[in-house]
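For reference, the chains in residue letters:
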Amino acid sequence: MPIHNESAREIVYKIAYHGPGMCGKTTNLRFIYNTLPGRQVGRFLVLDTAVERTLYYDFLPLVIPLDDGYTARIHLYTVPGQAYYDASRRLVLRGVDGIVFVADSHPDRSQDNKDSLAMLKKDLKESGLDYSSIPLIMQWNKRDLPSPVPENELAAALNERAVPAFPAVARDGAGVFETLSGIVDAVTGST
Ligand SMILES: Nc1nc2c(ncn2[C@@H]2O[C@H](COP(=O)(O)OP(=O)(O)O)[C@@H](O)[C@H]2O)c(=O)[nH]1
Ligand SMILES: [Mg+2]
């Protein structure tokens, strides 16, 4: 549930980028951090480079003015896709308001995409959340690869809810803000 602070006219939303390892989650956040003006982004915390960490996720806070005079504080997290980062995944998914599922368009990653989606469903359930109703956006990343899996195949394999899905080349920033706008609209209810 979003956290309302009436006196400050602020609402805090928690959004998690989920997907298999190396699909481009951190790359999405880095592009957002590097592109938005400084007054709209806070400190970018990346915990995925150091070894011997027990926690493994990224965090990027954003400030987005809404039409009604309220300010949305959007807390973006990335969720490690690997099964052995259980503690980090649960921490990030606790109280999450919306999910961006990032799929890797490389043909060799099709099973990893499916496994990651299955893990997301299971994790949400264990956090008392429902995959079938939580605000959700899909991103088909790495469309620049020489033979990416066709978008309709990714959709058939992964997008059973038929939510909005955006093709992306996160490394170049293509599709990154379309994806972000999609999930911000979905969680704030301003479609
Ligand atoms: N070809 C290609 N590579 C990408 C793209 N987005 C990210 N990458 C690369 O994929 C690798 C993993 O990206 P990263 O964001 O760290 O993945 P994460 O594990 O999901 O956080 C890096 O080498 C990125 O440069 C893309 O759109 N196209
Ligand atoms: Mg990462």
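Residues numbered from 1 in each chain as written. Chains lettered and ligands numbered in written order. Predicted model: local features only at pLDDT ≥ 70, side-chain atom pairs only at ≥ 80, totals over all residues. Heavy atoms only, no water.

Draft legend 1. Summary view of the packing of aromatic side chains. For the structure on display, the rule yields four aromatic pairs. For the ring pair Phe31 and Phe177, a centre distance of 6.0 Å and an interplane angle of 65° mean the geometry is edge-to-face. Here the residue Phe31 occupies a position in helix α1 (residues 25-35), and Phe177 occupies one in helix α5 (residues 176-188), the gap between them amounting to 146 residues. Its relative accessible area of 24% is what places Phe31 among the partly exposed residues. Ring geometry for Tyr33 and Phe44: centres 5.5 Å apart, planes at 35°, overall tilted. Note that Tyr33 is positioned in helix α1 and Phe44 in the loop between α1 and β3 (45-46), a separation of eleven residues in sequence. Taken together, the ring pairs connect Tyr57, Phe59 and Tyr77 into an aromatic cluster. Cation over ring: Lys14 sits above Tyr77, and NZ or CZ is 5.1 Å from the ring centre. The ring of Tyr131 is capped by Arg161, whose NZ or CZ atom sits 5.9 Å from the centre of that ring. (Phe/Tyr/Trp six-rings, centres within 6.5 Å; stacked < 30°, edge-to-face > 60°. Helix = DSSP H or I, 4+ residues; strand = E, 2+ residues; numbered from the N terminus. Buried < 20%, exposed > 50% of the residue type's maximum accessible area, 1.4 Å probe, protein only. Lys NZ or Arg CZ within 6 Å of the ring centre and 35° of its normal.)

Draft legend 2. Broad picture of the site of ligand 1. Close contacts around ligand 1 come from 14 residues, with Met22, Lys25, Thr26, Thr27 and Asp144 the closest. The contact in question runs from an oxygen atom of ligand 1 to an N or O atom on the backbone of Met22, over 2.7 Å. A distance of 3.3 Å is found between an oxygen atom of ligand 1 and a backbone nitrogen or oxygen belonging to Cys23. With the chains in place, 79% of the 580 Å² that ligand 1 exposes on its own is no longer accessible. Per element, the largest residue contribution to the shell around ligand 1 is three residues, and it comes from α1. (Near = heavy atom within 4 Å. Polar contact = N/O pair within 3.5 Å; in protein donor to acceptor, adjacent residues only side chain to side chain. Areas by Shrake-Rupley, 256 points an atom, 1.4 Å probe, with all protein chains shown as cover.)

Draft legend 3. Summary view of the pairing of strand β6 (residues 98-104). Among the seven residues in β6, seven count as buried, and that is most of the element. Burial of β6 is two-sided: the residues Gly98, Val100, Val102 and Asp104 facing one way and the residues Ile99, Phe101 and Ala103 facing the other way are all buried. When β6 meets strand β7 (residues 136-141), the two strands line up parallel, connected through six bridges. Bridge pairing in β7 places Asp104 opposite Asn141. Read from β6 through helix α3 (residues 110-126) to β7, the crossover connection turns out right-handed. (Pairing = 2+ DSSP bridges. Right-handed = clockwise from strand over helix to strand, strands pointing away.)

Draft legend 4. Geometry of the side chain of His18. With respect to the secondary-structure elements, His18 resides in strand β2 (residues 10-18). Taking the relative accessible area as the measure of exposure, His18 reaches 0% and is therefore buried. Only 3.3 Å separates the side chain of His18 from the side chain of Ser116, close enough to count as a polar contact.

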